[in-house]
Amino acid sequence: MEAGRRPAPTTAPKIMVTITRKIEFSASHLYHNPTFSAEKNRRVFGKCNNPHGHGHNYTLEVTIVGEPDAKTGMVLDLVELKELMEREVMQRMDHRFLNYEVAELKGMIPTCENIATVIWNLLEPKIRQGKLHRVRLYEAPDLFADCTDDARREKN
């Protein structure tokens, strides 16, 4: 063997790939903490404390990480991911008043962070191939929340 050359590995290194699917949905919400006074709710949450709520056009990105399957070349069947997102997110949240119509958000303030966490909890146990890596929820073009497997591991 020439100086400076390493022997070839006996097994190919695992190559992890991420794949992301995006959907959009519209929903309304309001921020209100029942333990706060009316004045404190207005001060802390501002216009988001409007009792009639307000709406957003949310953009959701769901990222799966894994090794591409040798037979299909896919980390996860994207049709399966699309159907999962449709069933677990769109049917629950699209054109809904999140505070009152989404059971998983009952008793929570439906911030972008809390909604992203709820979506993670809905999707993660149902991913059959690969692993849920990130849920990114945009409330506006310049505001989003990320829920990631790294952040969840650090919490535990």
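These figures come from a predicted structure and were not determined experimentally.

So, how was this worked out
Residues numbered from 1 in each chain as written. Predicted model: local features only at pLDDT ≥ 70, side-chain atom pairs only at ≥ 80, totals over all residues. Heavy atoms only, no water. Salt bridge = Lys/Arg side-chain N within 4 Å of Asp/Glu carboxyl O. Helix = DSSP H or I, 4+ residues; strand = E, 2+ residues; numbered from the N terminus. Buried < 20%, exposed > 50% of the residue type's maximum accessible area, 1.4 Å probe, protein only. Core = buried A, V, L, I, M, F, W, Y, C linked by side-chain atoms within 4.5 Å. Contact = heavy atoms within 4.5 Å. Axes fitted to C-alpha atoms, helices over the stretch in contact; angles between N-to-C directions. Parallel < 35°, antiparallel > 145°, perpendicular 65-115°, else oblique. Left-handed = near helix turned anticlockwise from the far one by under 90°. Nonpolar A, V, L, I, M, F, W, Y, C, P; charged D, E, K, R; others polar.

Asker: Any chance you could explain the pattern of salt bridges here in plain terms?
Answerer: Any two side chains of opposite charge can pair, so long as their charged atoms come close to each other. The tally for this structure, following the rule as stated, stands at 9 salt bridges. Between Arg134 and Glu61 there is a salt bridge, and its shortest N-O distance comes to 3.2 Å. Of this pair, Arg134 sits in strand β4 (residues 131-140) while Glu61 sits in strand β2 (residues 54-66), and the two are 73 residues apart along the sequence. By the burial criterion, Arg134 is buried, and Glu61 matches it.

Asker: Can you help me understand the nonpolar core in this one?
Answerer: Phe25, Leu60 and Met93 are the most contacted members of the largest nonpolar core, which has 32 residues in total. Secondary structure elements with two or more residues in this core: β1 (17-29), β2, α2 (78-93), α4 (112-123), β4 and β5 (143-148). When residues of this core are assigned to their parent elements, the largest contribution, 8 residues, is made by α4. Every residue in contact with Leu60, bar those within four places of it in the chain, is listed here: Arg21, Lys22, Ile23, Phe25, Met85, Val89, Ile119, Val135, Arg136 and Leu137.

Asker: Looking at this structure, how should I read the packing of α2 against α4?
Answerer: Axis angle and axis distance: for two packed helices, these are the angle between their axes and the distance between the axes, and together they describe the pair. The geometry of α2 relative to α4 is characterised by a closest axis approach of 10 Å and an angle of 140 degrees between their N-to-C directions. As far as their axial angle goes, α4 and α2 are oblique. In this structure, the crossing between α2 and α4 has a hand that is right-handed. Residues Leu84, Glu88, Val89, Arg92 and Met93 of α2 pack against Ile115, Val118, Ile119, Leu122 and Leu123 of α4. Its residues assigned to classes, the contact of α2 with α4 shows 8 nonpolar, no polar and 2 charged.

No statement about biological role is implied by the geometric values presented.
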